[in-house]
Amino acid sequence: MKKKKPNKLKILNDPIYGFVQIPNSLIFDIIEHSYFQRLRRIAQMGFSNLVYPGANHTRFHHALGCMHLMQKAVRVLQFKQIEISKEEENALCISILLHDIGHGAFSHALEHSIVSDISHEEISLKFMKKLNDEFDGKLDLAIEIFEGKYPRKFLCQLISSQLDIDRLDYLKRDSFYTGVTEGNISSDRLIVMMNVKNDELVIEQKGIYSVEKFLVARRLMYWQVYLHKTGLVAENMLVNVLKRAKELAEKGEELYASSSLKYFLYHQINKGNFTDETLEMFSNLDDYDILSAIKEWTNHSDKVLSLLSKMIVDRKLLRIEIQKDPFDELQIYKKRDKFSERLGISKDEINYFVFSQEIKNQAYTSEEPIFILNKKGKIKDIAKASDQLNLQALTKPVVKHFFCYPK
């Protein structure tokens, strides 16, 4: 009896878009690959669920949502007589599907603690090249577009620009799962209004208000969700936990950790020595490794590691203050002195509990403008085309300073 071939043209149900179609067997096989399945175990929004309990969606959800929106965008542009070949369409879907595959556990926390000098985009590219070898070069075009090297600029802009498919999905998705309605953009309308002029991705004039809403929504989501003070302090505490663990590992202390986490704790990993072996170890590292280690570290003999871990597990976080101006150095010094004595830890170790940093929110930059196509066929930067005065204000970065210390 002949073995039945598996059906690879699956349809998935997404809570935001409804039915999402996997367009071909190559994309199905990429989704089935262990590198991509790992995204199921990486939270899209890190510790935002400590603020918004519904924010438990993963990078896996986001990547599939992006692929769905990319299929829509291609259909819209083809309908407007923009020539996009079957190969280009396939490459766009693969490129957007894999754009976040290099994210570490809890998304951005690992970039600043146990892996240094290499961004998640660079790790994504390494994953894509490894997959390309496994799939006999079928990802060549997707990689070229992902790197921004493909001669048709607008295709690269669909992957990475100020109005790319990535942003159209994560704003709508994060708004949905957090319940923060200010971020609920009309991704469908923005896609329907897309066009191409002089090889630039543009939005037709009728869609100008949707773009304005998109930019305002992005700004509000940053202040209300991505840079929310509780999420901010939790992520910084996670970074400090991992830094402390790495510091202890470098001194030769035995730490409970999964084999993949141990690899990164006991080795100095950077761009220069990120080998294929490192990539394999990275592909086995996810939120579960970090959370199980932190739970175990609550009982560690090192006071700094155990106290920080316990604070995260029990959600007894540090106090955080946010203001426009930098915090007074004397004020920070006094807090360090006070809590060093109270917690019974050294002046160096107190830096894990008392620290100040800055955050920046810039909803729009005219360096890579979003172009509006008017009825005469001319294109204009949205900041100049809009009659909304606040769009000019959105081009200026807003910098705030935060100060964390124990309660």
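Residues numbered from 1 in each chain as written. Predicted model: local features only at pLDDT ≥ 70, side-chain atom pairs only at ≥ 80, totals over all residues. Heavy atoms only, no water.

Caption draft 1: Expanded view of the overall build of the chain. Helix and strand counts for the chain stand at 18 helices and nine strands. Expected size for 407 residues packed as a compact globule is a radius of gyration near 22 Å; at 23 Å, the chain falls within 12% of this value. Dimensions of the chain along its principal axes, counting C-alpha atoms only, are 70 × 70 × 35 Å. When burial is assessed residue by residue, the chain has 54% of its 407 residues classed as buried. (Helix = DSSP H or I, 4+ residues; strand = E, 2+ residues; numbered from the N terminus. Rg over C-alpha atoms; globule rule 2.2 N^0.38 Å. Buried < 20%, exposed > 50% of the residue type's maximum accessible area, 1.4 Å probe, protein only.)

Caption draft 2: Region of the structure containing the pattern of salt bridges. With the rule as written, the count across this model stands at 19 salt bridges. The partner of K72 in a salt bridge is D188, and the shortest N-O contact between them spans 2.7 Å. With K72 in helix α3 (residues 59-79) and D188 in helix α9 (residues 187-192), this pair connects stretches of sequence that are 116 residues apart. With a relative accessible area of 39%, D188 lands in the partly exposed category. A salt bridge links R244 to E349; the shortest N-O distance between them is 3.0 Å. (Salt bridge = Lys/Arg side-chain N within 4 Å of Asp/Glu carboxyl O.)

Caption draft 3: Focus on the nonpolar core. Membership of the largest hydrophobic core comes to 140 residues, with the highest contact counts inside it found for F36, L158, I165, L168, M194, W297 and F353. Ignoring sequence-local partners within four residues, the contact set of I165 consists of C66, L69, M70, A73, I96, L158, I191 and M194. (Core = buried A, V, L, I, M, F, W, Y, C linked by side-chain atoms within 4.5 Å. Contact = heavy atoms within 4.5 Å.)

Caption draft 4: The arrangement of the packing of α3 against helix α8 (residues 165-178) in detail. The N-to-C vectors of α3 and α8 enclose an angle of 125°; their axes lie 9 Å apart at closest approach. Here α3 lies oblique to α8, going by the angle between them. By crossing handedness, the relation of α3 to α8 is classed as right-handed. From α3, H61, H62, G65, C66, L69, M70 and A73 reach across to α8, where they touch I165, D166, L168, D169, Y170 and R173. (Axes fitted to C-alpha atoms, helices over the stretch in contact; angles between N-to-C directions. Parallel < 35°, antiparallel > 145°, perpendicular 65-115°, else oblique. Left-handed = near helix turned anticlockwise from the far one by under 90°.)

Caption draft 5: Summary view of the sheet that holds strand β7 (residues 371-373). On the basis of which strands lie adjacent, the open sheet formed by four strands has the order β3-β4-β7-β8 and mixed pairing. Single-partner strands in this sheet number two, and they are β3 (194-197) and β8 (379-381). Taking the axes of each pair of neighbouring strands and ignoring which way they run, one obtains an average angle of 45° across the sheet. Looking at chain direction, β3 and strand β4 (residues 200-204) are connected through four bridges and run antiparallel. When the bridges of β4 are listed, V196 appears paired with L201. α3 contacts β3 and β4 of the sheet and is inclined by roughly 55° relative to β3. (Pairing = 2+ DSSP bridges.)

Caption draft 6: Structural view of the side chain of N240. You can see N240 is positioned in helix α11 (residues 229-250). Residue classification places N240 among the buried positions, given a relative accessible area of 10%. Separated by 3.0 Å, the side chain of N240 and the backbone oxygen of Y352 make a polar contact. Among residues more than four places away in sequence, those in contact with N240 are L308, N351, Y352 and F355. (Polar contact = N/O pair within 3.5 Å; in protein donor to acceptor, adjacent residues only side chain to side chain.)

Caption draft 7: Up close: the sheet that holds strand β6 (residues 355-361). A sheet is described by the order of its strands in space; here three strands give the open sequence β5-β9-β6, paired in antiparallel fashion. The open sheet has two edge strands with one neighbour each: β5 (319-323) and β6. Put simply, the sheet's adjacent strands are angled 25° from each other on average, direction ignored. Note that β6 and strand β9 (residues 398-405) share seven bridges and pair antiparallel. Paired with N361 across the strands is V398, a residue of β9. Here helix α10 (residues 208-226) sits on the sheet and contacts β6 and β9; the angle it forms with β6, its principal contact strand, is near 165°. Across the sheet, helix α16 (residues 329-343) is in contact with β5, β6 and β9; its angle to β9 comes to roughly 25°.

So, to be careful, I would describe these as geometric facts and stop short of saying anything about function.
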